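Residues per chain, in single letters:
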Amino acid sequence: MNVSSVDFSMDKVPLRQSSTVSIGRIKPELYKQKSVDSEDEAKGHVEICGKLSFSLRYDYEEQALVVKILKALDLPAKDFTGTSDPYVKIYLLPERKKKFQTRVHRKNLNPTFDETFCFPVAYDDLCNRKLHFSVYDFDRFMSHDMIGEVVVDNLFELSDLSREAVVWKDIHAATTESVDLGEIMYSLCYLPTAGRMTLTVIKCRNLKAMDITGSSDPYVKVYLVCNGRRLKKRKTTTKKSTLNPIYNEAIIFDIPPENVEQVSLSVMVMDYDRVGHNEVIGVCRAGPDAVGLGRDHWNEMLAYPRKPITHWHALGEWQGRAASFESQGSCPSPKPLQTP
């Protein structure tokens, strides 16, 4: 492994006056270990914006997955008239070039689609695929609004697909097709006695193609952040012409137990460009101030010290030059502990 050591400067992060630390409040039983490759991780609270019904069946003669989009219920109103004009896009990931789209249903929050689509795919390859439904509101004059998405990670969730299986799924609110940016797998490990945290970038998959060649030259940049201020940054090597890079590179941060609640990690997957500017493919975050899996991964690391905790993280869009990435400075002194 390529290991980069980052000194967490003690003059920037003063120690608390009390020896009481919060790690003791973490309850390991709340963080049951899960399979690394399971996509059914708890993703925290998500807004539900309706339900989508569809059926799945495998056609052995045609060697194709048959997907029938049936109906949607209780969609939110996106138009000023108090209604929406919904339609659905569907991908069989990781393939993105082939996609299908339903017809638009005008002024209908409970549309019935009843449209069937076939994805040519070998049966044995289905375990490596997942379905992605994106529900949109059609707008004739402006960009279409995304209502939400449904992701089916396990196509064999209900049956072996030899018979048609009808599925109802909650539509999770989303403004962008986050799944299209790809995913990153990394592990976190904390040693309280040494005050050392190791983030190991393992690999990425299904990254968004950023080059005209249909590929990317990805590398991973990791920021150590304290109270919205960037303290340190390190990056991995660059992998040429791949959307599924493998790194297995570790970055070490020295963080005393007294300060572990004040810091977080910002992980950015970048596309290297020899001529122009390097572009951001996607970002994710881990720490006590993160949301969903980013917070859960951090807490799980603290609950199981000295053990690497590994998860897949979906990449989200980078919202410009945010202050949490671009501002610099030392970490302000923590507030003293309140005595009862």
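Residues numbered from 1 in each chain as written. Predicted model: local features only at pLDDT ≥ 70, side-chain atom pairs only at ≥ 80, totals over all residues. Heavy atoms only, no water.

**Student:** Hey, could you go over the overall build of the chain for me, with residue numbers and the actual values?
**Tutor:** Scanning the chain from terminus to terminus reveals 2 helices and 17 strands. Going through the 340 residues of the chain one by one, you find that 46% of them count as buried. Across the chain, the fraction of contacts at a sequence separation of at least 24, relative to all contacts at a separation of at least 6, is 70%. When the accessible surface of the chain is summed, it comes to about 17500 Å², and 49% of that surface belongs to carbon and sulfur atoms. (Helix = DSSP H or I, 4+ residues; strand = E, 2+ residues; numbered from the N terminus. Buried < 20%, exposed > 50% of the residue type's maximum accessible area, 1.4 Å probe, protein only. Contact = heavy atoms within 4.5 Å. Areas by Shrake-Rupley, 256 points an atom, 1.4 Å probe, with all protein chains shown as cover.)

**Student:** Residue-level account of the environment of C118, with values.
**Tutor:** Residue position: C118 is located in strand β6 (residues 112-120). With relative accessibility at 40%, the residue C118 sits in the partly exposed group. Through-space distance from the C-alpha of C118 to that of K68 is 8.7 Å; in sequence the pair is 50 residues apart. Ignoring sequence-local partners within four residues, the contact set of C118 consists of A64, L65, V66, K98 and F100.

**Student:** Kindly report on the sheet that holds strand β8 (residues 145-152), identifying the contributing residues and their values.
**Tutor:** Taken in spatial order, the 8 strands of this open sheet run β5-β4-β7-β8-β9-β2-β3-β6, and their pairing is antiparallel. With one partner strand each, in any of the chains shown, β5 (99-101) and β6 form the two edges of the open sheet. Adjacent strand axes in the sheet meet at a mean angle of 25 degrees when their direction is disregarded. Of the strand pairs in this sheet, strand β4 (residues 86-93) and β5 are connected by 3 bridges, and their pairing is antiparallel. Bridge pairing in β5 links Y91 to K99. (Pairing = 2+ DSSP bridges. Axes fitted to C-alpha atoms, helices over the stretch in contact; angles between N-to-C directions.)

**Student:** I'd like to hear about the packing of aromatic side chains, residue by residue, with values.
**Tutor:** The final tally for this structure, using the stated rule, is 8 aromatic pairs. The interplanar angle of 35 degrees and the centroid separation of 5.5 Å between the aromatic rings of Y60 and Y123 together place this pair among those described as tilted. One end of the pair, Y60, is in the loop between β2 (48-59) and β3 (64-73); the other, Y123, is in the loop between β6 and β7 (130-137), with 63 residues separating them in the sequence. Put simply, the rings of Y58, Y60, Y123 and F156 pair up and form one aromatic cluster. Here K89 stacks its cationic end above the ring of Y136, 4.8 Å away from the centre of that ring. The positively charged end of R205 is found above the aromatic ring belonging to W312, 3.9 Å away from the centroid. (Phe/Tyr/Trp six-rings, centres within 6.5 Å; stacked < 30°, edge-to-face > 60°. Lys NZ or Arg CZ within 6 Å of the ring centre and 35° of its normal.)

**Student:** Any chance you could break down the nonpolar core for me, citing the residues and the numbers?
**Tutor:** Counting residues in hydrophobic clusters, the biggest one holds 31 residues, and the most contacted among them are I184, V220, L265 and W298. Listing elements by their share of this core, those giving two or more residues are β10 (183-191), β11 (196-205), β12 (218-226), β14 (246-254), β15 (263-271), β16 (279-286) and α1 (293-303). I184 has contacts with V201, K203, C204, V220, V267, V269, C284, H311, W312, H313 and L315, leaving out every residue within four places of it along the chain. If you look at the next biggest cluster of nonpolar residues, it comprises 28 residues, including L65, L75, F119 and L155. (Core = buried A, V, L, I, M, F, W, Y, C linked by side-chain atoms within 4.5 Å.)

**Student:** Quick rundown of the environment of V260? Include the residues and the values.
**Tutor:** On the secondary structure map, V260 appears in the loop between β14 and β15. Taking the C-alpha atoms as reference, V260 lies 8.8 Å from G195; in sequence the two are 65 residues apart.

**Student:** Tell me what's going on with unusual backbone geometry, and back it up with residues and numbers.
**Tutor:** The backbone of K107 shows a phi angle near 45 degrees, a positive value even though the residue is not glycine. With respect to the helices and strands, K107 occurs in the loop between β5 and β6. Accessibility expressed as a relative area gives 61% for K107, which makes it exposed. Of note, the phi angle at N206 is positive, near 55 degrees, even though the residue is not glycine. Within the secondary structure, N206 sits in the loop between β11 and β12. Look at N206 and you get buried, because its relative accessible area is 14%.

**Student:** Requested: an account of the pattern of salt bridges, with residues and values cited.
**Tutor:** All told, the structure shown has 8 salt bridges when counted by the stated rule. With a shortest N-O distance of 3.1 Å, R129 and D125 are connected by a salt bridge. By relative accessible area, D125 is classed as partly exposed at 26%. Among the salt bridges present, the one from E183 reaches K130, with a minimum N-O distance of 3.3 Å. Placement of the pair is E183 in strand β10 and K130 in strand β7, with a sequence separation of 53 residues. Linked through salt bridges whose partners overlap, the residues forming this network are K130, E183 and R205. (Salt bridge = Lys/Arg side-chain N within 4 Å of Asp/Glu carboxyl O.)

**Student:** Provide a residue-level description of α1, including the pertinent values.
**Tutor:** Where burial is concerned, most of α1 is hidden: 10 out of the 11 residues are buried. Of all the positions in α1, only L293, G294, D296, H297, W298, N299, E300, M301, L302 and A303 are classed as buried.

**Student:** Explain the confidence of the model for the chain to me, and be specific about the residues and the numbers.
**Tutor:** For the chain, the average pLDDT comes to 79, and 76% of its residues sit at 70 or higher. Confidence drops under a pLDDT of 50 for residues 9-24, and excluding neighbours within four residues, the segment shows 30 contacts in the predicted structure. In the model, residues 37-43 has pLDDT below 50 throughout and makes 17 contacts with residues more than four positions away in sequence or in other chains. (pLDDT = per-residue confidence, 0-100.)

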